[in-house]
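A look at the structure
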Amino acid sequence: MTSFAPDSIVLNRKLPLWYQVSQSLRASILGRSPRDPLRLPTEERLAEHYGVSVLTMRQALKELEDEGLISRHRRRGTFIEPDARRGTPVRLLGSVDAIVAQQSGMTAELLEHGTVPVTGELTEYFPDLAEVAAYHRLRSDEQTGEPTNHARNHVRPELAERIDPEDLVRQPMTKVLRDVVGADIGRITDTVAARLADPETARLLQVPLLSPILHYTGVTYDTAGRVLDLAVIHYRGDRFSFTVTLDAT
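Residues take numbers from 1 onward in each chain, read along the sequence in its written order. Only residues with pLDDT of at least 70 are given local features in this predicted model, and only at 80 or more are side-chain atom pairs given and counted; all residues enter the totals for whole chains, interfaces and linings. As a rule here, side-chain values come from all non-hydrogen atoms in the structure, and water together with hydrogens is ignored.

**Concerning the packing of aromatic side chains**
How two aromatic rings sit relative to each other is given by the distance of their centres and the angle of their planes. Centres within 6.5 Å are what make two rings of Phe, Tyr or Trp a pair, Trp counting through its six-membered ring; a difference in plane orientation under 30 degrees is then read as stacked, over 60 as edge-to-face, and the rest as tilted. In the structure shown here, the tally under the stated rule is 2 aromatic pairs. With 5.9 Å between their ring centres and 90° between their planes, Trp18 and Tyr19 make a pair best called edge-to-face. Each member of the pair, Trp18 together with Tyr19, is buried. Geometrically, the ring pair formed by Tyr216 and Tyr235 is edge-to-face, given 6.3 Å between the ring centres and 80° between the ring planes. Of this pair, Tyr216 sits in strand E8 (residues 212–222) while Tyr235 sits in strand E9 (residues 227–236), and the two are 19 residues apart along the sequence. In this scheme, a residue with accessible area under 20% of its type's maximum is buried, one over 50% is exposed, and one in between is partly exposed, where area comes from a 1.4 Å probe on protein chains only. Given the relative accessible area of 5%, Tyr216 is considered buried. To qualify as a helix, a DSSP run of H or I must reach at least 4 residues; to qualify as a strand, a run of E must reach at least 2; elements of each kind are numbered from the N terminus.

Okay, here's the thing in structure tokens:
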């Protein structure tokens, strides 16, 4: 049987290695094709693939097991859970790969895209621009088709010129900016707040008006400190939880 093939990453030594490995595996699991095998390679092969110790690999796998993405069986091996996409947590720990992982594993519909003037709160993020490219997408669970969140991205025009809208149906914006456009991403600042669903969000996410939602704002900067992308995402409160991991070292 063909083995599951996780993506490779360049590990950041400032962040816990187990966390980075777990997030890379998570992205690979959620972004896999339905035809891909459910069985993972052995701990030793995965550790060799990522260049980490077996102990670190076990810690990463435990994180995924606790989340319900995988199950481990003595003598049989480690397997991806078929319904691994349900109950997704919102996790924040300062890694671009973590953001990509969070946005993976869902189908996306591009509702609209075009240019909008930089007015109101947009001027705080794009003070040097008169207009930016805007994208509005609705993401759904691949298995059930149930809406899970809707996202609005505002991107610098020179970057938007290199974005194929079809790429945003298949891939998260952060991944498109980094891997397709080649943007020089320096950091991403995330903010999550509790909100009540307004009429548009209630309609798109198919929840009652004033239902609890998670309001996420992600600001992507380049290495010079310019804002490349402003993302505002509304997550269904009954499908997502908010988790922050702090490194005490």
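**Observations concerning the pairing of strand E1 (residues 70–73)**
Pairing between two strands requires that DSSP report at least two bridges joining them. With 4 bridges connecting them, E1 and strand E2 (residues 77–80) associate as antiparallel partners. Considered in E2, the bridge of His73 is made with Gly77. Between the antiparallel neighbours E1 and E2 lie 3 residues, among them Arg75 with a positive phi of about 75°.

**Topic: the nonpolar core**
Residues enter a nonpolar core if they are buried and are Ala, Val, Leu, Ile, Met, Phe, Trp, Tyr or Cys, with the set joined through side-chain atoms within 4.5 Å. Val21, Leu25, Met57, Leu61 and Ile70 are the most contacted members of the largest nonpolar core, which has 18 residues in total. Of all the elements in the fold, those that place two or more residues in this core are helix H1 (17–30), helix H2 (43–50) and helix H3 (54–67). Take this core: its biggest share by element is 6 residues, from H1. Note on definitions: a residue-residue contact is assigned when non-hydrogen atoms from the two residues lie within 4.5 Å. If sequence neighbours within four positions are ignored, Leu61 has contacts with Leu25, Leu40, Glu43, Leu46, Ile70 and Arg72. Core analysis: the next-biggest nonpolar cluster, separate from the first, contains 15 residues, Ala133, Tyr135, Leu177 and Ile185 among them.

**A word on the sheet that holds strand E4 (residues 106–117)**
Pairing in this open sheet of 6 strands is antiparallel, and the strands run E4-E5-E6-E9-E8-E7 from one edge to the other. Every interior strand has two partners, whereas the edge strands, E4 and strand E7 (185–196), have only one. With strand direction ignored, the average angle separating the axes of adjacent strands in the sheet is 15°. Where E7 and E8 come together, 11 bridges link them in antiparallel fashion. When the bridges of E8 are listed, Asp190 appears paired with Gly218. Fitted lines through C-alpha atoms give the axes, limited to the stretch in contact for helices. The angle between two N-to-C directions lies from 0 to 180 degrees.

**Details of the pattern of salt bridges**
Salt bridges are defined as contacts in which a side-chain nitrogen from Lys or Arg sits within 4 Å of a carboxyl oxygen from Asp or Glu. Using the criterion set out here, one finds 14 salt bridges in the structure. For Arg152, the salt bridge identified is with Glu112, shortest N-O distance 3.6 Å. Taken as a pair, Arg152 in strand E6 (residues 147–155) and Glu112 in strand E4 lie far apart in primary sequence, 40 residues in all. Note on Arg152: relative accessible area 27%, which makes it partly exposed. A network of salt bridges, in which partner residues are shared, links Asp128, Arg156, Glu158, Asp222 and Arg226.

**Focus on helix H8 (residues 173–181)**
If you check which residues of H8 are buried, you get Met173, Thr174, Val176, Leu177 and Val181. In the stretch just after H8, Gly182 is the one whose phi turns positive, near 80°.

**A word on the side chain of Arg156**
Here Arg156 lies in the loop between E6 and helix H6 (157–160). By relative accessible area, which is 3% here, Arg156 ends up buried. A distance of 2.9 Å separates polar atoms of two side chains, one belonging to Arg156 and the other to Glu158. Residue contacts for Arg156: discarding those within four places in its chain leaves Phe126, Asp128, Leu129, Arg226, Val227 and Leu228. Throughout this description, a polar contact denotes any pair of N or O atoms lying within 3.5 Å of each other; where both atoms belong to protein, one of them has to be capable of donating a hydrogen while the other can accept it, and for residues adjacent in sequence the pair is counted only when both atoms sit in side chains.

Shape is all these values report; function is a separate question.
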